[in-house]
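Per-entry structural report
Below, each chain spelled out in residue letters.
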Amino acid sequence: MDENILGDIANASTDEFYTPIPDGYKPGKTKYVFVTGSVISGIGKGIFTSCLAKLLKDRGLKIAPMKIEAYMNVDAGTLNPYRHGEVFVLDDGTETDMDLGSYERFLEQNLDKNSFVTSGRIYSSIIEKERKGLYLGRDVQFIPHVTGETKKIFRDLAVGSKADVVIIEVGGTVGDYENLFALESARELMYEEGVGNACFVNLTYILEPHSLGEHKSKAAQLGIKRLLELGIQPDIVVCRSETPIPEKIKEKISMNVNVPVKQVIGLHDTDDIYTLPLFLRELGVDEQVLNVLGLAKKFPVNGNKKLKAWTEEVSTKPTSKEITVGIAGKYTGLRDSYISIIKSLEHCQNPVGAKINFRWIETTDVEKGKITALKALDGIDGLIVPGGFGSRGTEGKISCIKHARENNIPFLGLCFGFQMAVIEYARNMCNLENANTTEIDPKTNYPVICILPEQEEVDGLGGTMRLGGYDVFIKKNSIAHKLYGSEKVRERFRHRFNVNTNYIDQLEEKGLVFSGNAGKKRIMQILELPGHKFFFGTQFHPEFTSRPTKPNPAYLGFVKACAE
Ligand code: GLN
């Protein structure tokens, strides 16, 4: 690279530039790949980014992925899953977008807070710095300060991870106002790092209107031209489409946006995302990216043995056995709100040898009596009650759990679902009428789920969320012990309420077993019901640690029971 550019800017004597460079930064040591989307959202940018990262890792490169979100929330914790998909929690407790879940699953690698940033976090740190006078009297501007801080975050990841390649997925679509700061930062960074040190990939969409019966590239051209207007020349264009696109379309795109035809790649829809990495390899995607970065020769494809074995292991195997899992929640209208649960169940399909069908059970309907639990659960092989907040649909969830418990239907309760199972047991087996969680009924006579006093003290505001990975200590000879094969495991949490320790003895006397806890702190983390086909609840979210080649034991136990 031309080190002078970066050197000049960093040491500029005028205060026109603001490009803070992290200590220990060596230009050219880490290279950058930016992934953006144009035309429409929802074309699988996150999956593509995950696959590309996997392919580069497969060639022996050290990879650090990052998602940069355009929204002004400081983290994803306050986002409504119905609008934005699930909140994915990292081991260090960072609440992120669901794309981080697919990075972790494809890379089979735990990520941390450095892999996720939002415009809100950047803006709030800038304002904080401004209030402390750290900009030395300068008027604080979009350029260079917002972009300067953003580039610093990209480079911090490079230094901190010591990665060969940092892959940055820019949230939103080209043409949004919100993500302009990220695109401008990418442009500046590419200029500063110099040719060969960054690669810009645009995922676009090729329309195929039914009325015309042919592919049309104009929308894609306009989307990419918007990037050119911003001063960004993409190196690679990936054309998403429903059906394979003809060569003619690639040529048109190539001609109109200055990208060589071999760097215009057609990627049509597929049913099985696990076949994607190998497919992208066949299309030469990673080869083209590394050509741009000058790394293709240094990191050649070493046969495809490992990748083929992985694909073979995780892609869905045909089976004649089918099971139906009911998921009883309140965001059942949008699959993305439960994406990690769906993935975790899918991870069990091959090991158990059964295809899983999903039944979405709207618990508000059960609650309002529009449908009985008996009817809602009719024909399912197992029930999952997922995490949740607030009272809507909870009585419906409790009725569904009661039905599953009484009728020996396999049940898996996740976080809120675990808490609902405790409430159901307290009411119907321990005679604690109207037992509840104080989250829903603060005045209940039997607060079997409540905020633990030690957590209330944390901030005096009714407790903060307990977030991220914690150890779970498992009782010997329990079902949990059999499933996990260990007395200590690490799982991820996102909750504020817990089982009230005052009721544990009463619940256990009536047969419920708390087989996992937090060690000295008596936080109950797993429940199970001996004698039932499978009745299991976790205060944690096992779906955050399940991997395609390593299904989470709680899910595996559940799916096995469903298939029996
Ligand atoms: N609302 C419950 C709590 O705060 C459960 C949270 C969840 O399901 N993630 O404890």
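The structure we're discussing is the one just above.
Treat the numbers as computed from the prediction; the structure is a model and nothing was measured.

Turning next to the overall build of the protein chain. Scanning the protein chain from terminus to terminus reveals 21 helices and 21 strands. What you see for the protein chain is a C-alpha radius of gyration of 26 Å, in line with the 24 Å of a compact globule of 564 residues. With respect to the three principal axes, the spread of C-alpha positions in the protein chain is 75 × 60 × 45 Å. Counting over 564 residues, the protein chain shows a buried share of 57%.

Let's shift gears to the pattern of salt bridges. What the rule picks out here adds up to 36 salt bridges. Close ionic contact of Lys67 with Glu69 constitutes a salt bridge, the shortest N to O distance being 3.1 Å. The same class applies to Lys67 and to Glu69, which are both buried. Residues Arg490 and Asp471 are paired through a salt bridge, measuring 4.0 Å at the closest nitrogen-oxygen approach. Placement of Arg490 in strand β17 (residues 488-495) and of Asp471 in strand β16 (residues 466-474) is noted, with a sequence separation of 19 residues between them. When salt bridges that share partners are traced, they join Lys45, Lys67, Glu69, Asp97, Asp99 and Glu169 into one network.

This part is about the pairing of strand β10 (residues 322-329). Most of β10 is tucked away: seven of the eight residues are buried. Here β10 runs beside strand β11 (residues 355-362); their pairing, made up of eight bridges, is parallel. Residue Thr324 lies in a different strand from β11, and its bridge partner there is Asn357. Where β10 meets strand β12 (residues 382-385), three bridges bridge the pair, whose relative direction is parallel. Considered in β12, the bridge of Ile327 is made with Ile384.

Attention shifts here to a positive patch on the surface. Taken together, the side chains of Lys26, Lys29, Lys62 and Lys162 present a region of like positive charge at the surface. Its location among the elements puts Lys62 in the loop between α2 (45-58) and β2 (63-69).

On to the sheet that holds strand β9 (residues 264-268), then. Strand order in the open sheet formed by seven strands is β5-β2-β6-β1-β7-β8-β9, with parallel pairing between adjacent strands. Strands at the two margins of the open sheet, each flanked by one partner only, are β5 (116-118) and β9. Strand-to-strand twist across the sheet, computed as the mean angle between neighbouring axes with direction ignored, equals 20 degrees. Examined bridge by bridge, strand β1 (residues 31-37) and strand β6 (residues 165-170) share five bridges and lie parallel to one another. Residue pairing for β6: Phe34 is matched across the bridge by Ile168. Strands β2, β5 and β6 of the sheet are contacted by helix α4 (residues 98-107), whose axis makes an angle of about 170 degrees with β2. Each of β1, β2, β6 and β7 (198-205) touches helix α7 (residues 180-193); the most contacted strand, β1, lies at about 150 degrees to it.

Moving on: the pairing of strand β13 (residues 411-414). Burial of β13 is two-sided: the residues Phe411 and Gly413 facing one way and the residues Leu412 and Leu414 facing the other way are all buried. Alignment of β12 against β13, held across three bridges, turns out to be parallel. Following the sheet pairing, Leu383 is matched in β13 by Phe411. For the crossover that starts at β12, traverses helix α16 (residues 394-406) and ends in the parallel β13, the hand is right-handed.

Scanning the entire structure with this criterion turns up 15 aromatic pairs. Relative to Trp360, the ring of Tyr338 has its centre 5.9 Å away and its plane inclined at 15 degrees; by these criteria the two rings are stacked. In this pair, Tyr338 is assigned in the loop between β10 and α13 (339-352) and Trp360 in strand β11, connecting sequence segments 22 residues apart. For Tyr338, a relative accessible area of 5% translates into the label buried. Residues Phe493 and Phe540 carry aromatic rings whose centres are separated by 5.7 Å and whose planes lie at 75 degrees to one another, so their mutual orientation is edge-to-face.

The terminal C-alpha atoms of helix α8 (residues 218-229) lie 16 Å apart, and with twelve residues this matches the ideal 16 Å at 1.5 Å per residue to within 8%. Among the residues of α8, Ala220, Gln221, Gly223, Ile224 and Leu227 are the ones counted as buried. What you see down the axis of α8 is that its buried residues fit within an arc of 165 degrees, all on one side. For α8, the exposed residues set more than 90 degrees away from the buried face come down to Lys218, Leu222 and Glu229.

Our next topic: the side chain of Glu491. By the element assignment, Glu491 lies in strand β17. Among buried Asp, Glu, Lys and Arg side chains, Glu491 stands out as unpaired, with Arg492 the closest opposite charge at 6.8 Å. At 2.8 Å, the side chain of Glu491 and the side chain of Asn552 are in polar contact. Setting aside its immediate chain neighbours within four residues, Glu491 contacts Gly468, Gly469, Tyr470, Val472, Tyr484, Phe540, His541, Pro542, Thr545 and Asn552.

This paragraph deals with the site of the ligand. Gly387, Gly388, Phe389, Cys415, Phe416, Gln419, Glu439, Arg494, His495, Arg496, Phe497 and His541 make up every residue found near the ligand. For the ligand, a nitrogen atom lies 2.7 Å from a polar atom in the side chain of Glu439. One of the backbone nitrogen or oxygen atoms of Arg496 is found 3.0 Å away from an oxygen atom of the ligand. For the ligand, the accessible surface in isolation is 300 Å², of which the surrounding protein chains cover 99%. For the shell around the ligand, the secondary structure elements donating two or more residues are α17 (416-429) and β17. Here the residues of the shell around the ligand are counted per class, giving four nonpolar, five polar and three charged.

Among the structural elements, Lys67 can be located in strand β2. In this structure Lys67 comes out as buried when scored by relative accessible area, which is 4%. Here the side chain of Lys67 touches Asp99 through a polar contact of 2.6 Å, side chain to side chain. Apart from the residues lying within four places of it in its own chain, the contact partners of Lys67 are Asp97, Asp99, Leu100, Tyr103, Ser115, Phe116, Val117, Glu169 and Gly171.

Criteria and cut-off values
- Residues numbered from 1 in each chain as written.
- Predicted model: local features only at pLDDT ≥ 70, side-chain atom pairs only at ≥ 80, totals over all residues.
- Heavy atoms only, no water.
- Helix = DSSP H or I, 4+ residues; strand = E, 2+ residues; numbered from the N terminus.
- Rg over C-alpha atoms; globule rule 2.2 N^0.38 Å.
- Buried < 20%, exposed > 50% of the residue type's maximum accessible area, 1.4 Å probe, protein only.
- Salt bridge = Lys/Arg side-chain N within 4 Å of Asp/Glu carboxyl O.
- Pairing = 2+ DSSP bridges.
- Patch = residues over 30% accessible without salt bridge, like charges linked within 9 Å, V, L, I, M, F, W, Y side chains within 5 Å.
- Areas by Shrake-Rupley, 256 points an atom, 1.4 Å probe, with all protein chains shown as cover.
- Lys, Arg positive; Asp, Glu negative; His and termini not counted.
- Charge placed at Lys NZ, Arg CZ, Asp CG, Glu CD.
- Axes fitted to C-alpha atoms, helices over the stretch in contact; angles between N-to-C directions.
- Contact = heavy atoms within 4.5 Å.
- Right-handed = clockwise from strand over helix to strand, strands pointing away.
- Phe/Tyr/Trp six-rings, centres within 6.5 Å; stacked < 30°, edge-to-face > 60°.
- Expected span 1.5 Å × (residues − 1).
- Arc of directions from axis to C-beta.
- Polar contact = N/O pair within 3.5 Å; in protein donor to acceptor, adjacent residues only side chain to side chain.
- Near = heavy atom within 4 Å.
- Nonpolar A, V, L, I, M, F, W, Y, C, P; charged D, E, K, R; others polar.

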